Amino acid sequence: MDQRVKKKATIYDLSVLSGSSPSTVSAVLNGTWRKRRIKESTAQTILSLAELHQYTTNLQARGLRRSRSGLVGLMLPVHDNRYFSSMAQTFEGHVRSRGQCPVVVSASRDPEEERRTAETLISYSIDQLFIVGATDPDGVHEVCEPAGLRHINIDLPGAKAHSVISDNYGGARMLTEAIIRRFGNDDPLRPDELFLFGGRNDHASRERIAAFHATKKALLGADPEDGVQSSGYSPDITLRAFEAFYQRHGKLPRALFINSSINMEGLLRFMAGRPAEMFSELVVGCYDYDPFGSFLPFPVIMVRQNVEAMITKAFELIDEPTTTPQTFLIAPELIQPRSALKGPLDTLKDIA
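Residues numbered from 1 in each chain as written. Predicted model: local features only at pLDDT ≥ 70, side-chain atom pairs only at ≥ 80, totals over all residues. Heavy atoms only, no water.

As named in an unreviewed UniProt entry, the protein is LacI family DNA-binding transcriptional regulator, taken from Mesorhizobium onobrychidis.

Caption draft 1: Representation of helix H6 (residues 111-123) in the model. Compared with the 18 Å implied by 1.5 Å per residue over 13 residues, the 19 Å span of H6 between its first and last C-alpha is a close match. For H6, the set of buried residues is Glu114, Arg115, Thr117, Ala118, Glu119, Thr120, Leu121, Ile122 and Ser123. Two or three places before Glu112, at the start of H6, stands the capping residue Asp110, its side-chain oxygen 2.9 Å from that residue's backbone nitrogen. The first or second residue beyond H6 is Ser125, which carries a positive phi of 60°. (Helix = DSSP H or I, 4+ residues; strand = E, 2+ residues; numbered from the N terminus. Expected span 1.5 Å × (residues − 1). Buried < 20%, exposed > 50% of the residue type's maximum accessible area, 1.4 Å probe, protein only. Polar contact = N/O pair within 3.5 Å; in protein donor to acceptor, adjacent residues only side chain to side chain.)

Caption draft 2: Focus on the packing of aromatic side chains. Throughout the structure, instances matching the rule amount to ten aromatic pairs. Ring geometry for Phe212 against Phe257: centres 5.6 Å apart, planes inclined by 75°, an arrangement best described as edge-to-face. In this pair, Phe212 sits in helix H9 (residues 203-220) while Phe257 sits in strand E8 (residues 255-258), placing the two residues 45 residues apart along the sequence. Phe212 sits in the buried class, given a relative accessible area of 0%. A relative accessible area of 0% places Phe257 in the buried class. Among the aromatic residues, ring-to-ring pairing joins Phe195, Phe197, Phe242, Phe245, Tyr246 and Phe270 into one connected group. (Phe/Tyr/Trp six-rings, centres within 6.5 Å; stacked < 30°, edge-to-face > 60°.)

Caption draft 3: The sheet that holds E8, seen in detail. Read from one edge to the other, the open sheet built from six strands follows the order E7-E6-E8-E9-E10-E12, with strand pairing classed as mixed. Two strands lie at the open edges of the sheet, namely strand E7 (228-229) and strand E12 (333-335), each paired on one side alone. In this sheet, E8 lies alongside strand E6 (residues 194-197) in parallel orientation, the contact comprising four bridges. Bridged to Leu196 within E8 is Phe257. Where helix H10 (residues 235-249) meets the sheet, its contacts fall on E6, E7 and E8, and the angle it forms with E6 comes to roughly 150°. (Pairing = 2+ DSSP bridges. Contact = heavy atoms within 4.5 Å. Axes fitted to C-alpha atoms, helices over the stretch in contact; angles between N-to-C directions.)

Caption draft 4: Highlighting the pairing of strand E11 (residues 327-330). Along E11, the buried face is formed by Phe328 and Ile330; none of Thr327 and Leu329, which line the opposite face, is buried. As defined by bridge partners, strand E5 (residues 163-166) adjoins E11 across four bridges and the pair is classed as parallel. By the bridge assignment for E11, Ser163 is matched with Thr327.

Caption draft 5: Geometry of the packing of helix H5 (residues 82-97) against helix H12 (residues 307-318). One way to put it is that H5 packs onto H12 with a least axis distance of 9 Å and a crossing angle of 45°. It follows from the interaxial angle that H5 and H12 lie oblique. Relative to H12, the crossing made by H5 is right-handed. Contacts from Tyr83, Ser86, Met87, Thr90, Phe91, His94 and Val95 of H5 reach H12 at Val307, Glu308, Met310, Ile311, Thr312 and Phe315. The residue makeup of the contact of H5 with H12, split by class, is eight nonpolar, four polar and one charged. (Parallel < 35°, antiparallel > 145°, perpendicular 65-115°, else oblique. Left-handed = near helix turned anticlockwise from the far one by under 90°. Nonpolar A, V, L, I, M, F, W, Y, C, P; charged D, E, K, R; others polar.)

Caption draft 6: The arrangement of the pattern of salt bridges in detail. Applying the stated criterion across every chain, the model contains 19 salt bridges. Ionic pairing is found between Asp136 and Arg115, a salt bridge with its closest N-O pair at 3.0 Å. One end of the pair, Asp136, is in the loop between strand E3 (128-132) and helix H7 (137-144); the other, Arg115, is in helix H6, with 21 residues separating them in the sequence. One salt bridge connects Arg254 with Asp187, and the closest N-O pair in it is separated by 2.9 Å. In this pair, Arg254 sits in the loop between H10 and E8 while Asp187 sits in the loop between helix H8 (168-181) and E6, placing the two residues 67 residues apart along the sequence. For Asp187, a relative accessible area of 44% translates into the label partly exposed. (Salt bridge = Lys/Arg side-chain N within 4 Å of Asp/Glu carboxyl O.)

If you want it as structure tokens, here you go:
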């Protein structure tokens, strides 16, 4: 007798057989496919294959949801910067200290992918989901709520679940003030010599830009309209923004507020191959912390967001009874130039 006939299909088997993604298969099997605007013909194909191949995982998942799987999810926008990797490292430490298993994924700042990823994690019966820097946190909530999955927003706020975020306005005010005061009274900074590069239309960037404008006006007396050069969270776009600025003015500003370490990478790409004397008097403030900034040939003032405090607060809140959604602000720390600090990786054992 062919033993393969007895093997029950998984979501991934049905994905291969139907030619649909695992998240699409999951949406069809859990009944949310119409909300996802999946074609009825696709849904019928998947349901027919599930019946033919004795798919039963959905029933098993419902049973697991009534108990606990021990899995706790963290959804990041991207992995490839120190802030989010530090977030993941700190999260994993908290989860393991509770005797649970961390699951860390990214959704590439894509709202559709955020919802699909949440659906897939739900199909694995995770106990809780921590949503970091989501483009559409309320869209993820709409997936989590019907499944009874406890979830919380970190870094960027939503309106339908508790949010724990950095005090971006307060941090940007501290950073802008520190940049301006770096020049002293002998050769003070003019309003048209301080520019902000980076950011996009998200809550964190809006708060930072508002604080930048307000602090410039308060300390320098004016704030030219072109003082902000938005370039998203992209090194390449930031590089092009610096190149365009240099072509127009023949030099960089005396002072820069860089909105993230991703935008800082764009600045460093611009500097590559150019003479060091071009940047000998430059002062940079970066709204992100990276210890490598301490070793650059010009002063870099940084803001380090308190990842440990944000994660700790999020774990406290997610275990509490559900209440009206609130946003909790965590104060960041200003790091002066030439200050390389320890981070989450310093707590790991030396395995070399």
